[in-house]
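Residue-level structure breakdown
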Amino acid sequence: VQLQASGGGLVQAGDSLTLSCAASGRTFSTYDMAWFRQAPGKEREFVAGISGSGSSSNDPNTVKGRFTISRDNAKSTVYLQMNSLKPEDTAIYYCAAKKRGTLRYMYWGQGTQVTVSS
């Protein structure tokens, strides 16, 4: 599966932004999807994940309910709705996919830059 992330940009603190990740292929619903991010000088970290059936999980320490992941299997697209953005949310955001039942995210998009100014 090939992934194409989009929707990043420069916003102000408190703004909202929605990222999208379009996947190729006809078996999108068999993939668990996730968003990760990597800030300058920091390791990549998990932000949110969603199963093929739509069960989602967020990293509470990272986003504390401000971010919501969703997917549209008919459009082979996963979204990340980000609200109340903070400067510390500044990072490159990556979408990733793994086959249902596997442990590692093997497929990655190219990343989209999100910059939050104070």
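Residues numbered from 1 in each chain as written. Predicted model: local features only at pLDDT ≥ 70, side-chain atom pairs only at ≥ 80, totals over all residues. Heavy atoms only, no water.

Below, the discussion takes up the overall build of the chain. On a plain count of helices and strands, the chain comes out with 1 helix and 11 strands. Starting at the N terminus and ending at the C terminus, the chain contains elements arranged as β-β-β-β-β-β-α-β-β-β-β-β. Computed over C-alpha atoms, the radius of gyration of the chain comes to 13 Å, within 12% of the 13 Å expected from 2.2 N^0.38 for 118 residues, which places it in the range of a compact globule. Taking the principal axes of the C-alpha coordinates as reference, the chain spans close to 40 × 25 × 25 Å. The buried share of the chain, reckoned over its 118 residues, is 42%. Counting only contacts in the chain whose residues sit at least 6 apart along the sequence, the fraction spanning at least 24 positions is 54%. Looking at charge distribution, the chain has the averaged site of its 13 positive side-chain charges lying 8 Å from that of its 8 negative ones. (Helix = DSSP H or I, 4+ residues; strand = E, 2+ residues; numbered from the N terminus. Rg over C-alpha atoms; globule rule 2.2 N^0.38 Å. Buried < 20%, exposed > 50% of the residue type's maximum accessible area, 1.4 Å probe, protein only. Contact = heavy atoms within 4.5 Å. Lys, Arg positive; Asp, Glu negative; His and termini not counted. Charge placed at Lys NZ, Arg CZ, Asp CG, Glu CD.)

Moving on to the packing of aromatic side chains. The final tally for this structure, using the stated rule, is 4 aromatic pairs. Between F36 and F46 the ring centres are 5.6 Å apart and the planes differ by 80 degrees, which places this aromatic pair in the edge-to-face class. Of the two residues, F36 is situated in strand β4 (residues 31-38) and F46 in strand β5 (residues 45-50); the sequence distance between them amounts to 10 residues. In this structure F36 comes out as buried when scored by relative accessible area, which is 12%. On the basis of an interplanar angle of 75 degrees and a centroid distance of 5.4 Å, the ring pair of F36 and Y105 is categorised as edge-to-face. Of this pair, F36 sits in strand β4 while Y105 sits in the loop between β9 (91-99) and β10 (107-108), placing them 69 residues apart in sequence. (Phe/Tyr/Trp six-rings, centres within 6.5 Å; stacked < 30°, edge-to-face > 60°.)

On to the pairing of strand β7 (residues 67-72), then. Going residue by residue along β7, you find F67, I69 and R71 tucked away on one face and T68, S70 and D72 left uncovered on the opposite face. Relative to strand β8 (residues 77-82), β7 runs antiparallel, the two sharing 6 bridges. Across the sheet, S70 pairs through a bridge with Y79, a residue of β8. Connecting the antiparallel pair β7 and β8 is a turn made up of 4 residues, with S76 showing a positive phi of about 50 degrees. (Pairing = 2+ DSSP bridges.)

Turning our attention to the sheet that holds β7. Sheet strands line up and pair through hydrogen bonds in the backbone, either parallel or antiparallel. Pairing within the open sheet is antiparallel, and its 4 strands lie in the order β1-β3-β8-β7. On the outer flanks of this sheet lie β1 (3-6) and β7, each paired with one strand and no other. Averaged over all pairs of adjacent strands, the angle between strand axes in this sheet comes to 15 degrees, irrespective of strand direction. Relative to strand β3 (residues 17-23), β1 runs antiparallel, the two being bridged by 4 bridges. Bridging from a neighbouring strand, A5 pairs with C21 of β3. (Axes fitted to C-alpha atoms, helices over the stretch in contact; angles between N-to-C directions.)

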